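# Tertiary structure, described
Listed below are the residues making up each chain.
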Amino acid sequence: MTQKMIDQAKAVMRKNDRGLYTVPTQGLYPFQWNWDSALSALGFAHFDEPRAWTEIETLFAHQWEDGMLPHIIFHQPDDGYFPGPDVWATGRAVPTTGITQPPVAGFAVRRIFDRARDKALAVEKARALLPQIHAWHQWFFANRDPQGTGLVAIIHPWESGRDNSVDWDAAFERVPTEGVEPFTRRDTSHANPEHRPTDEQYKRYIWLVQKFRSLGWDNSKLHDASPFQIVDPGFNAILMRSCADLADLAESLGETQIADQSRAMADKGIAAMETLWSDAHGQYLCFDRSIGALVDSPSIGGILAAFAPIPQARARAISERIKVLAESCTYLVPSHDPTAPEFDALRYWRGPIWLIVNYMISDGLEFAGQTAVADRINRDCLRLIEQGGFAEYYGPIGAEPCGGDTFTWTAAMVIEILS
Ligand code: 9YW
């Protein structure tokens, strides 16, 4: 059973392999996505280490001069996706978007390095990637934390990777829709519209893209100009974990300056995460920087925070919080609290389970000694695969496979869990 599932997962990854990068799934997402690639590389590393390194190298080959790593790289034209390169208009030779995604590459590179069978290759590749990843981390603090709080803001929901989370609803009320150029969505022709973000949300996604485009994609201006500035605990936890991992990696490679700077960013950020903790919810919450208030939305972002080396007591509380969630669903971990009125079991990030998020939560909880909950999450991942194949996401009550099928990072996570 185990070997059969690993073989099936490898076949999914091979199917979506375009040589130098993978697509998340054929049709719906025909380009290279940032955090998909970093997490998918973990899967490749189990059966083809050179290919794993290539995935991350390709990503960083398209890093912007200021350090930003874009969220999509449009390697080849494809009309099946909206918004394409013409809408972003970032003016790059190989087109990319102008926003970023959760910085999980630092974590992935350290893990692939630690497990490498080909140590010489790993040292060569990690040494080259180290300054690039570090530059990206520094870019975040320079551009997305102008007040030096230790935490960074996202300026577009797509940056979080949790596109239509309930977390953004209130802030999205402040994003206008006037002046949005007419467009035709393509996602709804590949996937069930009932399981996707709404048209109203898409208009606001595009308004923000047009706004940033009008500012020439100058990252020194975008944060302050954006009506959407959210400090997401999940996103920041990924950044802090990657900074901490990069510090360890840099240390083992003798790069003391990168090690010290990375450690300082991680320590400051983890201390600042305390400002996002909610005793009432037993988890972290988003902070809406535009209005200076916490967002009262019990989503998975505040649970994903367990991926960072947070204090033991917080990890224990998150473990308890997950046990409470388990009382209202069949599978863990739903992307929104099933007892909350906004919960929508099959609509993208408003309820469904995503294996990559499960993997990161489980990894953090295991490190914190919360092994029972970590194991339960991993078991649920495998049950979902057995029921529904390698889908993009799953219903937390009925295990319905949703979104795109034969999904790369879902397959990669299965290889990670089973290997
Ligand atoms: C979109 C590729 C991406 C993920 C995101 C997910 C979705 C794309 O798919 O966004 O057009 O909405 O939300 O996390 O990286 O798998």
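Structure shown above.
So, here is what we can say about the structure in this document. (Residues numbered from 1 in each chain as written. Predicted model: local features only at pLDDT ≥ 70, side-chain atom pairs only at ≥ 80, totals over all residues. Heavy atoms only, no water.)

## Points about the packing of aromatic side chains
Selection criterion: Aromatic pairing here means that ring centres of Phe, Tyr or Trp (its six-membered ring) are within 6.5 Å. Orientation follows from the plane angle: under 30 degrees is stacked, over 60 is edge-to-face, and everything else is tilted. By definition, any uninterrupted DSSP run of H or I lasting at least four residues is a helix, any uninterrupted run of E lasting at least two residues is a strand, and each is numbered from the N terminus. Note on classification: 1.4 Å probe, protein chains only; a residue is buried when its accessible area is under 20% of the maximum for its type, exposed when over 50%, partly exposed between these limits. Geometrically, a charge over a ring is one whose NZ (Lys) or CZ (Arg) sits within 6 Å of the ring centre while staying within 35 degrees of the ring normal.
Applying the stated criterion across every chain yields a total of 31 aromatic pairs. Where W33 meets Y81, the ring centres are 5.2 Å apart and the plane angle is 80°; that geometry is what we call edge-to-face. Here W33 is found in strand β1 (residues 32-33), whereas its partner Y81 is found in the loop between β2 (72-73) and α4 (85-88), with 48 residues between them in sequence. Each member of the pair, W33 as well as Y81, is classed as buried. Judged by centre distance (5.3 Å) and plane angle (70°), the rings of Y348 and W354 are edge-to-face. Judged by relative accessible area, which is 3%, Y348 ranks as buried. Through a chain of ring-to-ring contacts, the aromatic side chains of W88, W158, W168, F172, Y202, Y205, F212, W217 and F228 assemble into a single cluster. The residue whose ring lies beneath R51 is F44, and the NZ or CZ to ring-centre distance is 4.6 Å.

## With respect to the environment of L355
Put simply, the rule reads: Here, residues are in contact when the closest pair of their heavy atoms is within 4.5 Å.
Following the sequence through the fold, L355 ends up in helix α16 (residues 355-367). For L355 and A412, which are 57 residues apart along the polypeptide, the C-alpha to C-alpha distance reads 9.5 Å. Apart from residues no more than four positions distant in its own chain, L355 is found in contact with C381, L384, I385, Y394, T410, M413 and V414.

## Some thoughts on the site of the ligand
How we decide: Being near a molecule or strand, for a residue, comes down to having at least one heavy atom within 4 Å of it. Polar contact criterion, stated in full: a pair of N or O atoms within 3.5 Å, where within protein one must be able to donate a hydrogen and the other to accept it, and residues adjacent in sequence count only if both atoms are side-chain atoms. Note on areas: Shrake-Rupley, 1.4 Å probe, and residue coverage restricted to the protein chains presented here. In this classification, Asp, Glu, Lys and Arg are treated as charged, Ala, Val, Leu, Ile, Met, Phe, Trp, Tyr, Cys and Pro as nonpolar, and every other residue, Gly included, as polar.
Taken together, the neighbourhood of the ligand is formed by 15 residues, with D36, Y81, G161, D163 and Y348 sitting nearest. Take W35: an N or O atom from its side chain is 3.1 Å from an oxygen atom of the ligand. W349 places a side-chain nitrogen or oxygen 3.0 Å from an oxygen atom of the ligand. A total of 390 Å² of accessible area belongs to the ligand in isolation, and the protein chains cover 99% of it. Of the residues that constitute the shell around the ligand, the class distribution is ten nonpolar, two polar and three charged.

## Re the pattern of salt bridges
Selection rule: Each salt bridge in this description consists of a side-chain nitrogen of Lys or Arg and a carboxyl oxygen of Asp or Glu lying within 4 Å of one another.
Summed over all chains, the structure comprises 37 salt bridges. Close ionic contact of R350 with D169 constitutes a salt bridge, the shortest N to O distance being 2.7 Å. Of this pair, R350 sits in the loop between α15 (312-325) and α16 while D169 is found in helix α8 (residues 169-172), placing the two residues 181 residues apart along the sequence. R263 is the partner of E251 in a salt bridge, and the nearest nitrogen-oxygen pair spans 3.6 Å. A residue pair is termed long-range when its members are at least 10 positions apart, and E251 in helix α12 (residues 233-252) and R263 in helix α13 (residues 256-273) qualify at twelve residues. Looking at R263, the relative accessible area reads 27%, which means it is partly exposed. Salt bridges sharing common partners tie together R110, R111, D114, R241, D245, D248, E251, R263 and D363.

## Details of α16
Quick reminder of the rule: Any helix carries an expected span of 1.5 Å times its number of residues minus one.
Over its 13 residues, α16 runs 18 Å from end to end, which matches the ideal 18 Å to within 8%, given 1.5 Å per residue. In terms of residue burial, α16 counts as a mostly covered element, since eleven of its 13 residues are buried. Within the sequence span of α16, burial applies to L355, I356, V357, N358, Y359, M360, I361, S362, D363, G364 and L365.

## Overview of the sheet that holds strand β6 (residues 287-288)
Note the cut-off: We treat two strands as partners when DSSP finds at least two bridges between them.
With antiparallel pairing, three strands are arranged side by side in an open sheet as β3-β6-β7. For this open sheet the edge positions go to β3 (230-231) and β7 (293-294), each flanked by a neighbour on one side alone. Bridge count for β6 against β7 is two bridges, and the pairing is antiparallel. When the sheet's bridge partners are listed, D288 is paired in β7 with A293.

## A few points about the environment of I56
As for its position among the elements, I56 is in helix α3 (residues 49-60). Contacts of I56, omitting those with residues within four sequence positions, involve A41, A108, V109, I112 and L129.

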